[in-house]
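# Observations on the three-dimensional arrangement
These are the residues of each chain, in order.
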Amino acid sequence: MTQNTVHRPGIKGLICDEPALFDLGSPGRKAYSLPSSAIPDVDPETLLPPDEIRGPIDDLPELTELDVVRHFTRLSQWNFSIDGNFYPLGSCTMKYNPRLNEDMARLPGLSQHHPYVPESLSQGSLQLMFELQEYLMEISGMDAVSLQPAAGAHGEMTGMLVIKAWLESRGEKRHKVLMPDSAHGTNPASSALCGYDVVQIPSDAEGQIDMAKLKTLMDEDTAAIMLTNPNTLGMFEKNILEITEIVHAKGGLVYCDGANLNALMGMCKVGDTGVDVLHFNLHKTFSTPHGGGGPGAGPVGVKDFLAPFLPVPHIEREGERYLCNFDKPQSIGKVRTFYGNFGVLVRAYTYIRTLGPDGIREACESAVLNANYIKEKLKNEYHLPYPGPSLHECVFNDKEQLKHGVKTLDIAKMLIDHGFHPPTVYFPLIVKGALMVEPTESESKETLDQFIEAMQSIAKEAEQNPKSFHDAPYLSKVSRPDEARAARKPVLRWKSA
Ligand SMILES: *Cc1c(COP(=O)(O)O)cnc(C)c1O
């Protein structure tokens, strides 16, 4: 095990132990103490029918309030979170969510606004949504935005349905969607859900879309290309203008997965590159926390000619009045109850308003700088399969460490002992043994240096003592669970009979 001499705030490993509530407690303990009541006890049997009365429960632990508070507080600290330490997941943009966003989302006028309240009494919430649409249009260069989709993948499906509806409105039926082999798994899934056959375009040696292959694959049966820019290697598709021209020339449209917008916002408008449809991941780029699966928001932006097909209701302004427009005869319909995940929209709105145009650009620049700092500092220890210029994230692999029998999973597990969440591993699929690091703009140089130092010391240990990796992590409560079994046959009961 690596001994770490650096003094580092926060946790080192996950050193916790906590018995189940059932093993705590002592008969007669209570979580409350109240004076005896002046109201006489009533036998419930005289008030309720027998089948409404619960029988006694055996084995319930008897605990004080403090026992319960400490138990759950300690359990909550077993979670690794962005509030506790560095979380360098690539592709997922785990940036810090400023507390102000939470305060705004909790304002009673917003958080308790019932979606059935009439339009005339909902002007503030509608204005917020309308302005958020405008900001996203400004940042992306798209002409219209729907805030409804609940996540990136949902935005992809919505965007593909819009493309399909547009093609059908022109009497066209196309069957294929092209996508690079570096695509996120949700891209083929969303296209397939919309009835399309997915055709893969290989990446070239530089990690870019292979242009020769694109030219031969793009045909009149292809509805769209679905690409990610910068792609999941963190690299800007430098042929983007030519790509969009090739696809448009054959009557297809260009869908851009906007999950990596953190690398472009304030610097480059995706709409100016010939993209027709773009989704935003508000929970990534615009800071809502999304560990553990939600909630998110995946608004979709489109060019003018696609706007009639966006979901209803669309939030619009008429003079001084904000309204929900349901009267869109060509719309693909509703994709989400009410107006989408409103609380996430409030957080994204707050984030954009507090940064302003200059702040948005600076966040982007810092995210790119931070990723490149890590890349330069670690490129001697860890192999870079695509060494070209990259933006907000960098993808290493385990080629050097494999020489000693240490693989990506071992490196990720050892990093837990150093107090860091492992980066994204084994994605993108085109990189064997990928280690994908995205620091985001939130992290200070000190934190990045601590991470770099931990990664360097792991690389050294891989050379000197590769066997030590087999049982890593050593400091966590659980070392190496059988991950397949944990997912398929989780043990959720305390007493499994
Ligand atoms: C996260 C991500 C998605 C999917 O977004 P969700 O909001 O998780 O549904 C799609 N593509 C890329 C590149 C991503 O990183």
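Refer to the structure above for everything that follows.
First, a word on what this report is: a plain description of the structure on this page. Computed from a predicted structure; not experimentally measured.

### Focus on the site of the ligand
As a structural note, the neighbourhood of the ligand is formed by Ser91, Ala151, Gly152, Ala153, Glu156, His184, Thr186, Asp257, Ala259, Asn281, His283 and Lys284. Within the side chain of Asp257, a nitrogen or oxygen atom sits 2.5 Å from a nitrogen atom of the ligand. Here an oxygen atom of the ligand sits 3.0 Å away from a polar atom, N or O, in the side chain of Asn281. Burial of the ligand by the protein amounts to 88% of the accessible area it has alone, namely 380 Å². Where the shell around the ligand is concerned, the elements lending two or more residues are helix H5 (152-169) and helix H9 (282-285). Per element, the largest residue contribution to the shell around the ligand is three residues, and it comes from H5. Among the residues forming the shell around the ligand, the class breakdown is three nonpolar, six polar and three charged.

### Here's the deal with the sheet that holds strand S3 (residues 197-201)
Taken together, seven strands build an open sheet; the order of strands is S1-S7-S6-S5-S4-S2-S3 and the sheet is mixed. Looking along the sheet, the strands with just one partner apiece sit at the ends: strand S1 (144-146) and S3. Mean inter-strand twist for the sheet, computed between neighbouring axes without regard to direction, equals 25 degrees. Docked against the sheet, H5 engages strand S2 (176-180), strand S4 (222-228), strand S5 (253-258), strand S6 (277-280) and strand S7 (300-302), running at close to 170 degrees with respect to S5. On the sheet, helix H6 (residues 186-193) packs against S2, S3, S4 and S5 and is oriented at approximately 180 degrees with respect to S2.

Parameters and conventions
Residues numbered from 1 in each chain as written. Predicted model: local features only at pLDDT ≥ 70, side-chain atom pairs only at ≥ 80, totals over all residues. Heavy atoms only, no water. Near = heavy atom within 4 Å. Polar contact = N/O pair within 3.5 Å; in protein donor to acceptor, adjacent residues only side chain to side chain. Areas by Shrake-Rupley, 256 points an atom, 1.4 Å probe, with all protein chains shown as cover. Helix = DSSP H or I, 4+ residues; strand = E, 2+ residues; numbered from the N terminus. Nonpolar A, V, L, I, M, F, W, Y, C, P; charged D, E, K, R; others polar. Pairing = 2+ DSSP bridges. Axes fitted to C-alpha atoms, helices over the stretch in contact; angles between N-to-C directions. Contact = heavy atoms within 4.5 Å.

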